[in-house]
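These are the residues of each chain, in order.
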Amino acid sequence: MDTERIVVGVPRETFPGEARVALVPAVLPQLSKAGMDVVVETHAGEDAGFPDDSYVAHGARIGSREDVFGADIVVQVRTCGINPEKGRDDIHRFRPDQIIAGMADPLVCPVGIQQAADHKVIGFALDFMPRITRAQSMDVLSSQATTIGYKAVLLAADRLPKMFPMFTTAAGTVPPAQVFVIGAGVAGLQAIATARRLGAVVQGYDVRPAAQEDIESLGGRAVMLSLAPGDAEDQSGYAKELGEAFYKRQQELMAQVVAGVDVVITTALIPGKKAPMLITKEAVAGMQPGSVIVDCAAERGGNCELTRANKRVVTENHVTILGPTNLASTVAYEASQMYSKNVTAFLLLLVKDGQLLIDEEDEIIKGTLVTRNGDIVNNRVIDALKEVQDD
Ligand code: NAD
């Protein structure tokens, strides 16, 4: 019966330059089968390569922004705090007990979560997805990081005044480019794989010792620094923040490695914290002219001291530093497809046979639920908000 069906709304993303969309047409039949009807804002998927008629062909209704926010569940790529300017325009559209799900970066933008709580929505931060096997299909950070690592290498290859592969020609032998990837999580490993496919010689480094095997399995050489990070990893596999003395020593050792390569791709992050600064301006001064750094941590302050978010910096010794902040959006077609699969898996957990069930005992629900009944319900977010308010 129509009355029993849950309505899912897909607004057009409004963050400047954001081309992704939260659901793509291909997943709609699966949602429909589970009792969900989808209403998509006009042109929501257009920038990602999914025109309105492709949604209609898969059973969606096209509507206004008001229609979409009238849904029982609203799914977004960037929700609440991580669309700080334009996102504010939607806050008055939030309704009590409506579900809003998307990436929210709650530890960095806790004020946005507070606003969602004030409007009594049931807010899910999909970037809080626990790293358990059952949640792998819903892991938005991993799916989006895959595109970041890939695209960072292409940017570097485009900017570098050298070719990546080795060539042996009658005019001489061209040696392969030397690429160094710092941070071997999802984005870093994809960067290693992509640079290898392009024929570069690749080195990788991560503060988590377990990453060495991953780097080598992709044909990279694991760089060993004579550093003892001790307990560098938390329970969920993320890196922990390490002391100042550790980072200082790491910067010194890093300077030696970057001096010998053509390209540095940095992806080192610590959840909820500023990115660790690993490449000092002195280290950049020691790099070869023409070298390129692509700093994928630019949005969090950057892994390189000279990075400027979304700017190209060229130093006196002719090193180019790029600090792109939304690389996933530059490959919006696949990034949206993967995100959409993640969101669909999550929706199928929430809705069964047209019935909405929020089981707060479920580890996935518990991990991602950030607001309910007018309150922030996640302790890490409450602490992050206190920190912001104390500043
Ligand atoms: P991330 O984006 O938070 O950080 C990127 C990388 O930077 C991490 O590998 C981290 O160790 C590294 N890093 C942090 N500080 C550093 C420093 N000072 N020097 C060098 N490297 C530094 O991490 P991520 O890509 O989300 O992945 C983190 C881990 O979680 C990885 O082991 C990944 O394989 C694992 N993971 C597990 C699952 C799952 O089990 N479902 C899913 C995705 C990722």
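It should be emphasised that the depicted structure is a prediction, and the values quoted were computed from it without experimental measurement. (Residues numbered from 1 in each chain as written. Predicted model: local features only at pLDDT ≥ 70, side-chain atom pairs only at ≥ 80, totals over all residues. Heavy atoms only, no water.)

Student: Please clarify how the sheet that holds strand 12 (residues 263–266) should be interpreted in this entry.
Tutor: Remark on secondary structure: sheet strands pair via backbone hydrogen bonds, oriented parallel or antiparallel. Taken together, the seven strands give an open sheet; going across it, the order is 11-10-9-12-13-15-14, and neighbouring strands pair in mixed fashion. Both outer strands of the open sheet, strand 11 (221–222) and strand 14 (312–314), are each paired with one neighbouring strand and no more. Of the strand pairs in this sheet, strand 9 (residues 178–182) and strand 10 (residues 201–205) are connected by five bridges, and their pairing is parallel. Bridging across to strand 10, Val179 finds its partner in Val202. (Pairing = 2+ DSSP bridges. Helix = DSSP H or I, 4+ residues; strand = E, 2+ residues; numbered from the N terminus.)

Student: Just checking my understanding: could you explain the packing of helix 6 (residues 140–159) against helix 7 (residues 186–197) for this structure?
Tutor: It is the contact of helix 6 with helix 7, at a shortest axis distance of 7 Å, that shows an interaxial angle of 40°. Considering their axes alone, helix 6 and helix 7 lie oblique with respect to each other. In the crossing of helix 6 with helix 7, the sense of the turn from one axis to the other is right-handed. Only Val186, Ala187, Gln190, Ala191, Thr194 and Ala195 of helix 7 make contact with helix 6, whose side of the interface consists of Ser142, Ala145, Thr146, Ile148, Gly149, Tyr150, Val153 and Leu154. By residue class, the composition of the contact of helix 6 with helix 7 is nine nonpolar, five polar and no charged. (Axes fitted to C-alpha atoms, helices over the stretch in contact; angles between N-to-C directions. Parallel < 35°, antiparallel > 145°, perpendicular 65-115°, else oblique. Left-handed = near helix turned anticlockwise from the far one by under 90°. Contact = heavy atoms within 4.5 Å. Nonpolar A, V, L, I, M, F, W, Y, C, P; charged D, E, K, R; others polar.)

Student: Explain helix 14 (residues 379–390) to me, please; I cannot follow it from the model alone.
Tutor: Along an α-helix, a turn takes 3.6 residues, which lines up residues three or four apart on a common side. Between its first and last C-alpha atoms helix 14 spans 16 Å; for 12 residues at 1.5 Å apiece the expected length is 16 Å, and the two agree. Within the sequence span of helix 14, burial applies to Val381, Ala384 and Leu385. For helix 14, the angular spread of buried residues about the axis comes to 100°, placing them on one side. In this structure, helix 14 carries Asn379, Glu387 and Asp390 as exposed residues pointing more than 90 degrees from its buried face. Looking at the buried positions of helix 14, the neighbouring elements they touch are helix 5 (110–118), strand 18 (369–372) and strand 19 (375–376). The backbone nitrogen of Arg380 has a side-chain oxygen 2.9 Å away, supplied by the residue at the start of helix 14, namely Asn378. (Expected span 1.5 Å × (residues − 1). Buried < 20%, exposed > 50% of the residue type's maximum accessible area, 1.4 Å probe, protein only. Arc of directions from axis to C-beta. Polar contact = N/O pair within 3.5 Å; in protein donor to acceptor, adjacent residues only side chain to side chain.)

Student: Help me understand the site of the ligand, please; the structure alone is not making it clear to me.
Tutor: What surrounds the ligand is a group of 22 residues, the closest being Arg131, Ser142, Val186, Asp206 and Arg208. The contact in question runs from a nitrogen atom of the ligand to an N or O atom on the side chain of Gln250, over 2.9 Å. Within the backbone of Leu269, one N or O atom sits 3.4 Å away from an oxygen atom of the ligand. Computed on the free molecule, the ligand has an accessible area of 840 Å², of which 85% lies beneath the protein chains in the complex. Broken down by class, the residue content of the shell around the ligand amounts to 11 nonpolar, seven polar and four charged. (Near = heavy atom within 4 Å. Areas by Shrake-Rupley, 256 points an atom, 1.4 Å probe, with all protein chains shown as cover.)

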